[in-house]
Amino acid sequence: MSTNARAFPEEERALRENTWWDALCRRDKQADGRFVYGVKTTGIFCMPSCASRLPLRENVQFFVDAARQAGFRPCKRCCPGNPSREQRQCAAIERACQLMAQAETSLTLAQVAKAVGISPYHFHRLFKTQVGVTPKRYATALRGQRVRALLNGDAPVTQAALAAGFHSSEQFYQESHQLLGMPPRSFKHKGQGMTIHFTIGSCSLGAVLVAESERGVCAVLLGDDATALKNELHSLFANATLVEGDVAFEQRMALVIRAIDSPGAPLTLPLDIRGTAFQLRVLQALRDIPRGTTLSYRDVAEKIGQPDAVRAVAGACAANRLAVIVPCHRVIRTDGALSGYRWGIARKRQLLENEAKVSHDG
Ligand SMILES: [Zn+2]
């Protein structure tokens with residue numbers, strides 16, 4: 001039987017599989033959908049929560065999704081591969097987020113709920129649980145992203161505001177401070193007055209810390225161990241109140257971890273991106289780099305209309321707090337060398353290889 005279809009550096013895979021083995025021993029329902037395990041002695045694969053007898057560790061082989069290709073048959077008891085009710089609901093909400101993001105004009109809650117086949121009441125509740133904000137606040141965040149993108153172009157402010165779905169330029173000015181992420185006092189003072197929830201999990205790149213402010217995901221940090229990640233978060237938001245997230249929070253943050261592990265999956269959670277006006281323009285340019293492609297620092301500098309600011313662009317990339325989600329890993333040196341990466345050159349290489357693979361696969 002082949003080894004895991006995707007190649008991971010040995011120690012990172014071991015770290016990840018240890019976490020998965022722990023989840024398997026606990027029959028952790030929350031791990032369902034994140035991995036499956038095959039039992040070499042029976043040729044059958046199961047979901048982590050399956051009630052069948054716990055196999056010996058040495059007989060277990062873990063998969064993200066390729067158990068069938070490796071010759072394992074699905075278990076009749078837990079039916080891996082058939083999405084659970086939670087997974088179907090999760091997919092419906094993700095679809096709703098995409099619909100809202102792609103819509104030219106603002107959609108009503110009833111319209112979105114109907115499009116994904118859920119009653120409006122149920123939809124509102126599910127959306128809030130999964131995304132962490134109401135559909136209305138999510139739509140507001142989307143408008144903010146659109147207006148940021150438009151303002152980076154040549155559109156005058158009023159025109160950009162209307163094109164982004166604001167009803168009036170007045171409404172835009174009311175919300176702009178928050179939406180544009182201009183450095184407010186709390187940013188300058190390392191998170192003073194902010195409450196930040198965070199959780200630490202594992203992904204294919206090792207340990208990952210995901211943090212969220214009241215506005216959205218504010219940090220995604222990669223590392224080798226939990227303590228170092230907590231320290232990094234603390235140094236970024238030294239004056240904020242940091243709160244370890246509960247189970248519901250962890251479930252929502254699993255979406256972020258999934259977006260890291262499957263480069264093709266869109267992340268639909270609102271983001272809290274802060275920085276100077278220059279940094280925001282760089283970060284927006286990074287988000288526009290298509291998956292599976294790279295730009296040089298010079299390319300990015302040209303894209304934001306400041307061809308001489310190559311060093312400052314590199315600085316803004318290095319200051320990125322949202323690993324993978326804001327794809328600073330897609331910026332490399334003009335000569336093609338990978339150059340630096342805040343979270344280590346090995347992770348940058350792995351990310352680019354994964355993305356190239358997904359792009360080639362279709
Ligand atoms: Zn099973």
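What you see is a predicted model; the values in this text were computed from it and never measured. (Residues numbered from 1 in each chain as written. Predicted model: local features only at pLDDT ≥ 70, side-chain atom pairs only at ≥ 80, totals over all residues. Heavy atoms only, no water.)

**Let's talk about the coordination of the zinc ion**
Then, number 1: Distances from the zinc ion to its protein donors, namely Cys46 (SG), Cys50 (SG), Cys75 (SG) and Cys78 (SG), fall within the range 2.2 to 2.5 Å.
Then, number 2: Around the zinc ion sit 4 donor atoms; with metal-centred angles ranging over 102 to 124°, the donor geometry is tetrahedral. (Donors = N, O, S within 2.8 Å, 3.2 Å for Na, K, Ca; no water. Tetrahedral: all angles 85-135°; square planar, octahedral: opposite > 155°, others 65-115°.)

**Digging into the environment of Ser106**
Then, number 1: Mapped onto the secondary structure, Ser106 falls in the loop between α2 (85-102) and α3 (109-115).
Then, number 2: Along the backbone, Ser106 and Ala139 are 33 residues apart, and their C-alpha atoms lie at a distance of 7.5 Å. (Helix = DSSP H or I, 4+ residues; strand = E, 2+ residues; numbered from the N terminus.)

**Brief notes about the environment of Arg68**
Then, number 1: Note that Arg68 resides in the loop between β3 (60-63) and β4 (73-74).
Then, number 2: Residues Arg68 and Gly81 lie 13 residues apart in sequence; the distance between their C-alpha atoms is 9.7 Å.
Then, number 3: Arg68 has contacts with Phe45, Pro74 and Pro80, leaving out every residue within four places of it along the chain. (Contact = heavy atoms within 4.5 Å.)

**Side note on the nonpolar core**
Then, number 1: Judged by nonpolar contacts, the single largest core of 72 residues is most densely connected at Phe123, Val220, Leu222, Phe237, Val256 and Leu286.
Then, number 2: The biggest single contributor to this core is helix α10 (residues 247-261), with 7 residues.
Then, number 3: Residue assignment places this core across two domains, with domain 2 (85-183) and domain 3 (195-362) each supplying three or more.
Then, number 4: If sequence neighbours within four positions are ignored, Val220 has contacts with Val208, Leu209, Val210, Val256, Ile260, Arg321, Leu322, Ala323, Ile325 and Trp343. (Core = buried A, V, L, I, M, F, W, Y, C linked by side-chain atoms within 4.5 Å. Buried < 20%, exposed > 50% of the residue type's maximum accessible area, 1.4 Å probe, protein only. Domains from an automatic or database assignment.)

**A closer look at the sheet that holds strand β5 (residues 195-203)**
Then, number 1: If you trace the 4 strands from one edge of the open sheet to the other, you get β7-β6-β5-β8, paired in mixed fashion. The two strands at the open ends of the sheet, each matched to only one other strand, are β7 (217-223) and β8 (241-244). Strand after strand, the sheet turns through a mean of 25° between neighbouring axes, direction not considered.
Then, number 2: Here β5 runs beside β8; their pairing, made up of 4 bridges, is parallel. If you follow Thr195 over to β8, its bridge partner there is Thr241.
Then, number 3: Those strands touched by α10 are β5, β6 (206-212) and β7, and its axis lies near 50° from that of β5. (Pairing = 2+ DSSP bridges. Axes fitted to C-alpha atoms, helices over the stretch in contact; angles between N-to-C directions.)

**Thoughts on the packing of helix α11 (residues 277-287) against helix α13 (residues 310-318)**
The relative placement of two packed helices is expressed as an angle between their axes plus a distance between the axes.
Then, number 1: At their nearest, the axes of α11 and α13 sit 9 Å apart, and the two run at 75° to each other. Regarding the angle of α11 to α13, the classification is roughly perpendicular. Along the contact surface, α11 presents Phe278, Gln279, Val282, Leu283 and Leu286, while α13 presents Ala312, Val313, Ala316 and Cys317.
Then, number 2: Residue composition of the contact of α11 with α13, by class: 8 nonpolar, 1 polar and no charged. (Parallel < 35°, antiparallel > 145°, perpendicular 65-115°, else oblique. Nonpolar A, V, L, I, M, F, W, Y, C, P; charged D, E, K, R; others polar.)

**Digging into the pattern of salt bridges**
Then, number 1: In total, this model carries 5 salt bridges according to the counting rule given.
Then, number 2: For Asp28, the salt bridge identified is with Arg26, shortest N-O distance 3.1 Å.
Then, number 3: On the basis of relative accessible area, Asp28 is assigned to the buried category, the value being 18%.
Then, number 4: By relative accessible area, which is 55% here, Arg26 ends up exposed.
Then, number 5: For Lys230, the salt bridge is made with Glu244, and the minimal N-O distance between the two is 3.9 Å. (Salt bridge = Lys/Arg side-chain N within 4 Å of Asp/Glu carboxyl O.)

**Points about helix α4 (residues 120-131)**
Then, number 1: Taking 1.5 Å per residue, 12 residues should reach 16 Å; α4 reaches 16 Å between its end C-alpha atoms and fits that length.
Then, number 2: Among all positions of α4, only Phe123, Leu126, Phe127, Gln130 and Val131 are buried. Here the buried residues of α4 occupy an arc of 105° about the axis, which is enough to place them on one side. (Expected span 1.5 Å × (residues − 1). Arc of directions from axis to C-beta.)

**Digging into the sheet that holds β4**
By definition, the strands of a sheet pair up through backbone hydrogen bonds, in either a parallel or an antiparallel sense.
Then, number 1: Here we have 4 strands laid out as an open sheet, ordered β3-β1-β2-β4, and mixed in their pairing. Each edge of the open sheet is held by one strand with a lone partner, namely β3 and β4.
Then, number 2: Judged from the 4 bridges that link them, strand β1 (residues 36-39) and β3 form a sheet pairing that is antiparallel. Of the residues in β3, the one forming a bridge with Val39 is Val60.

**Things to note about the side chain of Asp261**
Then, number 1: When you line up the elements, Asp261 lands in helix α10.
Then, number 2: One buried charge, Asp261, has no salt-bridge partner; the nearest side chain with opposite charge is Arg16, at 4.8 Å.
Then, number 3: Side-chain polar atoms of Asp261 contact the side chain of Ser204, separated by 2.5 Å. (Lys, Arg positive; Asp, Glu negative; His and termini not counted. Polar contact = N/O pair within 3.5 Å; in protein donor to acceptor, adjacent residues only side chain to side chain.)

**A few points about the pairing of β1**
Then, number 1: In β1, alternate side chains face the same way, and those of Val36 and Gly38 on one face and Tyr37 and Val39 on the other are all buried.
Then, number 2: In this sheet, strand β2 (residues 44-46) lies alongside β1 in antiparallel orientation, the contact comprising 3 bridges. Bridging across to β2, Gly38 finds its partner in Phe45.
Then, number 3: Once β1 ends, the chain turns through 4 residues before running back antiparallel as β2, passing Gly43 with a positive phi of about 75°.

**Some words on the confidence of the model for the protein**
Segments scoring low in pLDDT should not have their predicted coordinates read at a detailed level.
Then, number 1: Residue-level pLDDT values for the protein average 79, and 79% of them are 70 or greater.
Then, number 2: Highest mean pLDDT in the protein belongs to β1 (94); lowest belongs to helix α8 (residues 185-188) (39).
Then, number 3: Across residues 1-8, confidence stays below pLDDT 50; counting only partners more than four residues off in sequence or on other chains, it has 20 contacts.
Then, number 4: Taken as a whole, residues 180-188 scores under 50 in pLDDT and shows 25 contacts with residues more than four places along the chain or in a different chain. (pLDDT = per-residue confidence, 0-100.)

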